[in-house]
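Spelled out, the chains give:
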Amino acid sequence: IAVATNSPGIPIPVGTNPRGVAITPDGQTVYVTNLGDNTVTPIDVATNTPSAPIPVGNDSLGVAMTPAPISVSAPSISGSAQQGDTLTAIHCV
């Protein structure tokens, strides 16, 4: 969204059923969780270009960011006691 005009920009392709969004502390990358395909898509903010999706656990609804060293966490809820719930940590370089 263009803040000055409050209007949407060009859509950026991500995975199926995007849910959670987090931005790195340096403002360079946005991470989007994709519930439908169990991935997280990194997006370069300067170019609005998505990178290859990163596989995470089932049903990741949200994403959280930590400061230096930057890491992204995507919690997953399996809905099954046999599979268990997981937390996928993505370390950013």
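Small disclaimer: the values here were computed from a predicted structure and weren't measured.

Trainee: Please clarify how the overall build of the protein chain should be interpreted in this entry.
Mentor: Within the protein chain one finds zero helices and eight strands. Looking at the 93 residues of the protein chain, the share that counts as buried comes to 30%. A fraction of 26% describes how many contacts in the protein chain between residues 6 or more apart in sequence connect residues 24 or more apart. Carbon and sulfur atoms form 60% of the exposed surface of the protein chain, whose accessible area is close to 5800 Å².

Trainee: Please clarify how the confidence of the model for the protein chain should be interpreted in this entry.
Mentor: Interpretation of the predicted coordinates at a detailed level should be avoided for regions scoring low in pLDDT. Averaged over the protein chain, the pLDDT score is 81; the fraction of residues at 70 or greater is 72%. Mean pLDDT per element in the protein chain: strand 8 (residues 86-91) is the minimum at 65, and strand 4 (residues 49-50) is the maximum at 96.

Trainee: Teacher, can you tell me more about the pairing of strand 2 (residues 29-34) here?
Mentor: Every regular strand shows the same layout, with side chains that alternate between the two sheet faces. Most of strand 2 sits out of view: five of its six residues are buried. Pairing analysis gives four bridges linking strand 1 (residues 18-23) to strand 2, with the strands arranged antiparallel. Along strand 2, the bridge assignment pairs valine 21 with valine 32. Joining the antiparallel neighbours strand 1 and strand 2 is a turn of five residues, in which glycine 27 adopts a positive phi near 75°. Of the strand pairs in this sheet, strand 2 and strand 3 (residues 39-44) are connected by six bridges, and their pairing is antiparallel. Paired with threonine 29 across the two strands is aspartate 44, which belongs to strand 3. Between strand 2 and strand 3, which pair antiparallel and follow one another directly, the connecting turn spans four residues, one of which, asparagine 38, has a positive phi of 55°.

Trainee: Looking at this structure, how should I read the side chain of asparagine 34?
Mentor: Of note, asparagine 34 is situated in strand 2. Note on asparagine 34: relative accessible area 0%, which makes it buried. At 2.8 Å, the side chain of asparagine 34 forms a polar contact with the side chain of threonine 41.

Trainee: Quick question: what am I supposed to make of the side chain of threonine 24 here?
Mentor: Structurally, threonine 24 is set in the loop between strand 1 and strand 2. What makes threonine 24 buried here is its relative accessible area of 5%.

Trainee: Sorry if this is basic, but what is going on with the pairing of strand 3 here?
Mentor: With five of six residues buried, strand 3 lies mostly within the body of the structure. Both strand 3 and strand 5 (residues 54-55) contribute to a ladder of two bridges, which runs antiparallel. The residue bridging valine 40 from the neighbouring strand is isoleucine 54, located in strand 5. Here strand 3 runs beside strand 4; their pairing, made up of two bridges, is antiparallel. Bridge pairing in strand 4 links isoleucine 43 to proline 50. As consecutive antiparallel partners, strand 3 and strand 4 are separated by four residues, and within that stretch asparagine 48 has a phi angle of approximately 55°, a positive value.

Calculation rules
- For every chain, the first residue of its written sequence is number 1, and the numbers climb from 1 along that sequence.
- Confidence filtering applies because this is a predicted model: local features only for residues at pLDDT of at least 70, side-chain atom pairs given and counted only at 80 or more, and all residues used for totals across whole chains, interfaces and linings.
- No hydrogens and no water enter the side-chain calculation; it runs on all heavy atoms of the structure.
- Numbering of helices and strands runs from the N terminus; a helix is a DSSP stretch of H or I covering at least four residues, while a strand is a stretch of E covering at least two.
- Each residue is assigned to one of three classes by its accessible area relative to the maximum for its type, calculated with a 1.4 Å probe on protein chains only: buried under 20%, partly exposed between the two thresholds, exposed over 50%.
- Contacts are residue-level and defined by heavy atoms, with any inter-residue pair within 4.5 Å sufficient.
- Using a 1.4 Å probe, accessible areas were evaluated by the Shrake-Rupley method; residue-level cover was limited to the displayed protein chains.
- Think of pLDDT as the predictor's per-residue confidence, scored from 0 to 100.
- By this definition, two strands are paired if DSSP reports at least two bridges between them.
- Side-chain atoms alone can form a polar contact between residues adjacent in sequence; in general such a contact is a pair of N or O atoms within 3.5 Å, and within protein one must be able to donate a hydrogen while the other accepts it.

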